[in-house]
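Each chain, letter by letter, is given below.
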Amino acid sequence: MAGGSRRDEILAAAADLFARHGYRGVSIYDIGAAVGISGPALYRHFRSKDALLAEMLVSISATLLSEGRRRSAAAADAPSGLAALVDWHVEFALDHLPLITIQFRDLDSLAEADREEVRRLQREYVETWVRLIREIHPEVGEPAARAAAHAVFGLINSTPHSARLARADMEVLLRTMALAALGSVAATV
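Residues numbered from 1 in each chain as written. Predicted model: local features only at pLDDT ≥ 70, side-chain atom pairs only at ≥ 80, totals over all residues. Heavy atoms only, no water.

Per an unreviewed UniProt entry, the recorded name for the chain is TetR/AcrR family transcriptional regulator, and the organism is Occultella gossypii.

What follows is the structure, given as structure tokens:
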């Protein structure tokens, strides 16, 4: 969400505030103060605080999906594709700790249509992982592959609570643990 535009600046400030105080604990005035404008001036950029949250969460889901598809498609084979997905998810999680927190805590604050869109994008992202897991481990059924993908997401998405090492060290730790977990999926069936 980093970028040069005022809109990006507002999204980044709102993400930090929502992660610290919860969506319901932040007002438009708080967000405005964080970026040096009046709260009502935010309405020039977003029609409401709800629209700001929706853009934030739909955008991260769309980004995870599109970049995950791109990286896995560019890989030479399924193991490389799965490693590329792990690398991408670790990179995203470490770069966007506030968004991981908001996704977990405030998804239910979205309007139903926006929540459904986030869920649809997330399902597609999971299926990218499931396809590669099953290609590597054909003996693993879809339910087990899907559960494995979600378990690895849980590991990687724990970063807001577990990232206690330097970023580079945390990246290596998460990547190593995620790949080890995915490599052992076949042993569990």
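What follows picks up the thread again.
Turning our eyes to something else, we now look at the packing of aromatic side chains. In this structure the tally under the stated criterion is five aromatic pairs. Each ring, one from Phe-18 and one from Tyr-23, has its centre 5.2 Å from the other, and the planes form 75°; the classification is edge-to-face. By relative accessible area, which is 0% here, Phe-18 ends up buried. Three or more aromatic residues joined by ring pairs form one cluster here, namely Tyr-125, Trp-129 and Phe-153. In this arrangement the basic side chain of Arg-7 is found over the ring face of Phe-46, its NZ or CZ atom lying 4.1 Å from the centre. Just above the ring of Tyr-23 sits the side chain of Lys-49; from NZ or CZ to the centre is 4.3 Å. (Phe/Tyr/Trp six-rings, centres within 6.5 Å; stacked < 30°, edge-to-face > 60°. Buried < 20%, exposed > 50% of the residue type's maximum accessible area, 1.4 Å probe, protein only. Lys NZ or Arg CZ within 6 Å of the ring centre and 35° of its normal.)

An ideal rise of 1.5 Å per residue puts 38 Å on 26 residues; helix α3 (residues 49–74) measures up with 37 Å between its terminal C-alpha atoms. Between the side-chain oxygen at the start of α3 and the backbone nitrogen of Asp-50 there is a gap of 3.4 Å, and the oxygen is on Ser-48. (Helix = DSSP H or I, 4+ residues; strand = E, 2+ residues; numbered from the N terminus. Expected span 1.5 Å × (residues − 1). Polar contact = N/O pair within 3.5 Å; in protein donor to acceptor, adjacent residues only side chain to side chain.)

Time to look at a nonpolar patch on the surface. On the surface, Leu-165, Leu-173 and Met-177 cluster together to form a nonpolar patch covering roughly 250 Å² of accessible area. Along the chain, Met-177 turns up in helix α9 (residues 167–183). On the accessibility criterion, Met-177 (39% relative accessible area) is partly exposed. (Patch = residues over 30% accessible without salt bridge, like charges linked within 9 Å, V, L, I, M, F, W, Y side chains within 5 Å. Areas by Shrake-Rupley, 256 points an atom, 1.4 Å probe, with all protein chains shown as cover. Salt bridge = Lys/Arg side-chain N within 4 Å of Asp/Glu carboxyl O.)

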